[in-house]
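Observations on the model geometry
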Amino acid sequence: MKLAYTMVSLPNHVCAELEQMLVALRTDLDERLARIKSHYRRTVPPDRFEQAGERNNDDVVIALDVHSDKELRRVEQALARLRHGSYGACECCTRPIELARLYAIPFVERCADCADD
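Residues numbered from 1 in each chain as written. Predicted model: local features only at pLDDT ≥ 70, side-chain atom pairs only at ≥ 80, totals over all residues. Heavy atoms only, no water.

1. Section: the nonpolar core
Counting residues in each nonpolar core, the largest one holds 23 residues, and the members touching the most others are Leu22, Val75, Tyr87, Ile97 and Leu102. For this core, the elements supplying multiple residues, two or more each, are helix H1 (12-40) and helix H2 (48-84). When neighbours within four sequence positions are excluded, valine 75 is seen to be in contact with Leu22, Leu25, Arg26, Leu29 and Phe107. (Core = buried A, V, L, I, M, F, W, Y, C linked by side-chain atoms within 4.5 Å. Buried < 20%, exposed > 50% of the residue type's maximum accessible area, 1.4 Å probe, protein only. Helix = DSSP H or I, 4+ residues; strand = E, 2+ residues; numbered from the N terminus. Contact = heavy atoms within 4.5 Å.)

2. Thoughts on the state of the cysteines
Counting across every chain of the model gives 0 disulfides. Summary of cysteine pairing: cysteine 114 is not part of a disulfide, and the nearest cysteine sulfur, belonging to cysteine 111, is at 3.7 Å. (Disulfide = S-S within 2.5 Å.)

3. Notes on the pattern of salt bridges
Counted by the stated rule, this structure contains 6 salt bridges. The salt bridge involving aspartate 65 is made with lysine 37; its shortest N-O contact spans 3.1 Å. Of this pair, aspartate 65 sits in helix H2 while lysine 37 sits in helix H1, placing them 28 residues apart in sequence. With its nearest N and O atoms 3.0 Å apart, the salt bridge here joins glutamate 109 to arginine 74. Taken together, the positions of glutamate 109 in the loop between helix H3 (99-104) and helix H4 (112-116) and arginine 74 in helix H2 put the pair 35 residues apart, joining distant regions of the chain. Judged by relative accessible area, glutamate 109 falls into the buried class, the value being 14%. (Salt bridge = Lys/Arg side-chain N within 4 Å of Asp/Glu carboxyl O.)

4. Examining the side chain of glutamate 71
Within the secondary structure layout, glutamate 71 lies in helix H2. The side chain of glutamate 71 sits in the buried core without any salt bridge; arginine 32 is the nearest counter-charge, 4.7 Å away. Excluding anything up to four places from it in sequence, glutamate 71 contacts Leu25, Leu29 and Phe107. (Lys, Arg positive; Asp, Glu negative; His and termini not counted.)

5. Some words on the confidence of the model for the chain
Per-residue pLDDT for the chain averages 85, and the proportion of residues at 70 or more is 79%. For the chain, H2 is the element with the lowest average pLDDT, namely 82, and H3 is the one with the highest, namely 96. (pLDDT = per-residue confidence, 0-100.)

6. Side note on the environment of alanine 24
Turning to its location among the elements, alanine 24 is positioned in helix H1. Taking the relative accessible area as the measure of exposure, alanine 24 reaches 38% and is therefore partly exposed. Along the primary structure alanine 24 and valine 75 are separated by 51 residues, whereas in three dimensions their C-alpha atoms are 9.9 Å apart.

In structure tokens form, the structure reads like this:
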């Protein structure tokens, strides 16, 4: 059962640094997704052996697309929590997420204890 996020008091400079990290991640993910979308628009080679290789590449690209899209949603959700003042609160126990953990994974939703569950 998810609990409501609580307000977490982070120093302004920490919030600004983490917001910069999240915005940079969002930009990187947007660019990655644009490159992936351009891969889908490429022409298919006429050679059947090349087509087989392209199909293998497509599987990897599809996986990257799904992963990048999920990560982008998590980044957007973290930015929304930052705007609403609930950023840094664990979604499970509502305790503050460890600062080192936020710097390592700025879009993380759970504290280390809850992430282990």
